[in-house]
Amino acid sequence: MELKFSTMLRKRQSRMTILFFTASLLLAVGATGSDDMEDYRKFIRNVSREISGLKDKYPQLQEFSAEKNADSEHLRITYGFRTHLSERSGGWVSGVPNPDPDGIWFHIDLHDPDSTAQIHTQPVIDPQLAFGNKIVSFLILEGAATQSIREEILSILKRHGAGTSIVPDGTLFRLDS
(Lines give C-alpha, C1' and ligand atoms only; values in the text may rest on other atoms or scores of the structure.)
Protein backbone atom coordinates (compact mmCIF):
# COMPACT_ATOMS: atom_id res chain seq x y z
CA MET A 1 0.00 0.00 0.00
CA GLU A 2 2.79 2.41 0.88
CA LEU A 3 4.56 1.76 -2.45
CA LYS A 4 1.32 2.49 -4.34
CA PHE A 5 0.83 5.73 -2.40
CA SER A 6 4.44 6.78 -3.07
CA THR A 7 4.04 6.10 -6.82
CA MET A 8 0.75 8.04 -6.86
CA LEU A 9 2.39 10.95 -5.05
CA ARG A 10 5.29 11.06 -7.55
CA LYS A 11 2.85 11.03 -10.48
CA ARG A 12 0.83 13.83 -8.91
CA GLN A 13 4.02 15.86 -8.27
CA SER A 14 5.11 15.23 -11.85
CA ARG A 15 1.75 16.47 -13.18
CA MET A 16 1.90 19.52 -10.92
CA THR A 17 5.42 20.29 -12.14
CA ILE A 18 4.30 20.02 -15.75
CA LEU A 19 1.28 22.23 -15.06
CA PHE A 20 3.43 24.76 -13.21
CA PHE A 21 6.01 24.77 -16.01
CA THR A 22 3.30 25.19 -18.66
CA ALA A 23 1.63 28.02 -16.74
CA SER A 24 4.99 29.73 -16.18
CA LEU A 25 5.84 29.42 -19.86
CA LEU A 26 2.48 30.89 -20.87
CA LEU A 27 2.91 33.77 -18.45
CA ALA A 28 6.44 34.43 -19.69
CA VAL A 29 5.36 34.40 -23.33
CA GLY A 30 2.37 36.62 -22.56
CA ALA A 31 4.56 39.06 -20.68
CA THR A 32 7.03 39.26 -23.54
CA GLY A 33 4.23 39.91 -26.03
CA SER A 34 2.83 42.59 -23.75
CA ASP A 35 6.25 44.20 -23.31
CA ASP A 36 6.76 44.17 -27.10
CA MET A 37 3.39 45.84 -27.65
CA GLU A 38 4.26 48.55 -25.13
CA ASP A 39 7.61 49.06 -26.90
CA TYR A 40 5.74 49.45 -30.21
CA ARG A 41 3.32 51.98 -28.71
CA LYS A 42 6.21 53.89 -27.14
CA PHE A 43 8.00 53.94 -30.52
CA ILE A 44 4.93 55.51 -32.20
CA ARG A 45 4.48 58.07 -29.39
CA ASN A 46 8.16 59.07 -29.36
CA VAL A 47 8.47 59.33 -33.15
CA SER A 48 5.31 61.46 -33.37
CA ARG A 49 6.54 63.78 -30.59
CA GLU A 50 9.85 64.29 -32.35
CA ILE A 51 8.12 64.98 -35.69
CA SER A 52 5.95 67.53 -33.87
CA GLY A 53 9.11 69.28 -32.73
CA LEU A 54 10.01 70.05 -36.37
CA LYS A 55 7.14 72.49 -36.97
CA ASP A 56 9.37 75.58 -36.85
CA LYS A 57 11.71 74.19 -39.50
CA TYR A 58 9.05 72.75 -41.83
CA PRO A 59 5.91 74.88 -42.43
CA GLN A 60 4.08 71.87 -43.92
CA LEU A 61 4.02 70.38 -40.40
CA GLN A 62 2.19 73.37 -38.87
CA GLU A 63 -0.98 71.33 -38.22
CA PHE A 64 0.78 68.14 -37.10
CA SER A 65 -0.13 67.00 -33.61
CA ALA A 66 1.39 64.01 -31.84
CA GLU A 67 -1.92 63.52 -30.03
CA LYS A 68 -4.13 63.87 -33.11
CA ASN A 69 -2.05 62.20 -35.82
CA ALA A 70 -0.53 59.31 -33.87
CA ASP A 71 -2.56 56.20 -33.08
CA SER A 72 -0.50 54.12 -30.68
CA GLU A 73 -3.23 51.48 -30.36
CA HIS A 74 -3.10 50.73 -34.11
CA LEU A 75 0.63 51.54 -34.29
CA ARG A 76 0.45 54.26 -36.93
CA ILE A 77 1.01 57.94 -37.63
CA THR A 78 -0.84 59.57 -40.54
CA TYR A 79 -0.72 63.22 -41.53
CA GLY A 80 -1.92 65.30 -44.44
CA PHE A 81 -1.61 69.04 -44.98
CA ARG A 82 -2.98 70.88 -48.00
CA THR A 83 -3.92 67.80 -49.95
CA HIS A 84 -6.45 66.85 -52.62
CA LEU A 85 -7.89 63.66 -54.08
CA SER A 86 -5.52 61.89 -56.39
CA GLU A 87 -6.03 62.34 -60.11
CA ARG A 88 -4.15 59.08 -60.80
CA SER A 89 -5.58 55.59 -60.94
CA GLY A 90 -3.77 52.50 -59.73
CA GLY A 91 -1.02 52.12 -57.16
CA TRP A 92 -0.91 53.29 -53.56
CA VAL A 93 -0.52 56.95 -54.60
CA SER A 94 -4.02 56.89 -56.10
CA GLY A 95 -5.51 55.68 -52.81
CA VAL A 96 -4.17 58.41 -50.54
CA PRO A 97 -4.49 62.21 -50.42
CA ASN A 98 -2.00 63.88 -52.77
CA PRO A 99 -0.26 67.08 -51.67
CA ASP A 100 -0.74 70.50 -53.21
CA PRO A 101 2.58 72.20 -54.12
CA ASP A 102 2.95 73.41 -50.51
CA GLY A 103 1.48 70.28 -48.91
CA ILE A 104 2.51 66.90 -47.58
CA TRP A 105 1.04 63.49 -46.82
CA PHE A 106 2.79 60.71 -44.92
CA HIS A 107 1.98 57.45 -43.23
CA ILE A 108 4.13 55.50 -40.79
CA ASP A 109 3.08 52.20 -39.27
CA LEU A 110 4.36 49.07 -37.60
CA HIS A 111 2.90 45.83 -38.95
CA ASP A 112 3.50 42.09 -39.04
CA PRO A 113 5.75 40.85 -41.86
CA ASP A 114 2.90 38.67 -43.16
CA SER A 115 0.32 41.49 -43.32
CA THR A 116 -1.83 41.39 -46.45
CA ALA A 117 -3.28 44.89 -46.06
CA GLN A 118 -3.05 46.68 -49.41
CA ILE A 119 -0.84 49.44 -47.99
CA HIS A 120 1.64 46.75 -46.86
CA THR A 121 1.80 44.87 -50.16
CA GLN A 122 3.40 47.61 -52.24
CA PRO A 123 6.55 46.97 -54.27
CA VAL A 124 9.76 47.19 -52.31
CA ILE A 125 10.05 50.50 -50.51
CA ASP A 126 13.57 51.75 -49.97
CA PRO A 127 14.82 51.55 -47.33
CA GLN A 128 13.03 48.68 -45.67
CA LEU A 129 12.94 49.18 -41.92
CA ALA A 130 12.08 47.01 -38.94
CA PHE A 131 11.45 47.60 -35.26
CA GLY A 132 11.35 44.53 -33.05
CA ASN A 133 9.37 41.87 -34.92
CA LYS A 134 7.45 44.43 -36.98
CA ILE A 135 8.03 46.02 -40.36
CA VAL A 136 8.08 49.83 -40.37
CA SER A 137 6.18 51.29 -43.32
CA PHE A 138 7.00 54.86 -44.25
CA LEU A 139 5.15 56.33 -47.22
CA ILE A 140 5.44 60.02 -48.06
CA LEU A 141 4.25 62.39 -50.77
CA GLU A 142 5.69 65.90 -50.72
CA GLY A 143 4.57 68.99 -52.62
CA ALA A 144 7.04 70.39 -55.16
CA ALA A 145 7.32 73.71 -53.31
CA THR A 146 8.16 72.21 -49.90
CA GLN A 147 11.53 71.57 -48.32
CA SER A 148 11.74 67.76 -48.19
CA ILE A 149 11.33 66.21 -44.76
CA ARG A 150 11.79 62.59 -45.89
CA GLU A 151 15.39 62.17 -44.70
CA GLU A 152 14.64 63.92 -41.41
CA ILE A 153 11.79 61.48 -40.66
CA LEU A 154 13.96 58.50 -41.65
CA SER A 155 16.59 59.76 -39.18
CA ILE A 156 13.94 60.04 -36.46
CA LEU A 157 12.76 56.47 -37.13
CA LYS A 158 16.32 55.17 -36.90
CA ARG A 159 17.09 57.22 -33.78
CA HIS A 160 14.17 55.50 -32.07
CA GLY A 161 15.35 52.02 -32.97
CA ALA A 162 14.19 51.25 -36.52
CA GLY A 163 16.87 49.34 -38.41
CA THR A 164 17.33 48.12 -41.94
CA SER A 165 15.70 44.77 -42.60
CA ILE A 166 15.59 42.08 -45.24
CA VAL A 167 12.38 40.11 -45.52
CA PRO A 168 12.91 36.94 -47.60
CA ASP A 169 10.00 34.49 -47.56
CA GLY A 170 8.22 36.44 -44.81
CA THR A 171 11.03 35.88 -42.31
CA LEU A 172 12.32 39.04 -40.69
CA PHE A 173 16.05 39.49 -40.31
CA ARG A 174 17.13 42.67 -38.59
CA LEU A 175 20.40 44.40 -39.37
CA ASP A 176 21.03 47.36 -37.08
CA SER A 177 22.31 50.43 -38.88
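The structure under discussion appears in the preceding block.
Numbering of residues starts from 1 in each chain and follows the order in which that chain's sequence is written. With the structure being a predicted model, the display of local features is reserved for residues of pLDDT at least 70 and the display and counting of side-chain atom pairs for 80 or more, all residues being used for whole-chain, interface and lining totals. In computing side-chain values, all of the structure's heavy atoms are included and hydrogens and water are not.

K.L.:
Quick question: what am I supposed to make of the overall build of the protein chain here?
P.N.:
In this text, helices come from DSSP runs of H or I with a minimum length of four residues, and strands from runs of E with a minimum of two, each type numbered from the N-terminal end. When its secondary structure is counted, the protein chain shows 3 helices and 7 strands. Mapped in sequence order, the helices and strands of the protein chain form the string α-α-β-β-β-β-β-α-β-β. Throughout this description, buried means an accessible area under 20% of the type-specific maximum (1.4 Å probe, protein chains only), exposed means over 50%, and partly exposed covers the range between. In the protein chain, buried positions account for 32% of the 177 residues. In this description, contact between two residues means that some pair of their heavy atoms is separated by no more than 4.5 Å. Taking the intrachain contacts of the protein chain between residues at least 6 apart in sequence as the baseline, contacts between residues at least 24 apart amount to 60%. The method behind every accessible area is Shrake-Rupley, applied with a 1.4 Å probe, and residues are considered shielded solely by the protein chains displayed. Of the accessible surface of the protein chain, which amounts to about 11200 Å², a share of 55% is contributed by carbon and sulfur atoms.

K.L.:
Honestly, the nonpolar core in this entry has me stumped. Any pointers?
P.N.:
For soluble globular proteins, nonpolar side chains are generally found buried alongside one another. By size, the foremost hydrophobic cluster in this structure holds 29 residues, and its most contacted members are I51, L61, F106, I108, I153 and L157. Broken down by secondary-structure element, the contributors of at least two residues to this core are α1 (2-52), β2 (76-84), β3 (98-111), β4 (129-131), β5 (134-142) and α3 (150-159). A per-element tally of this core places α1 first, with 5 residues. Excluding residues within four positions of it along the chain, I153 makes contact with I51, F106, I108, F138 and I140. Take the buried Ala, Val, Leu, Ile, Met, Phe, Trp, Tyr and Cys residues and link them wherever side-chain atoms come within 4.5 Å; each set so joined is a nonpolar core. In terms of nonpolar packing, the next biggest core, distinct from the first, is built from 5 residues, V93, W105, L139 and L141 among them.

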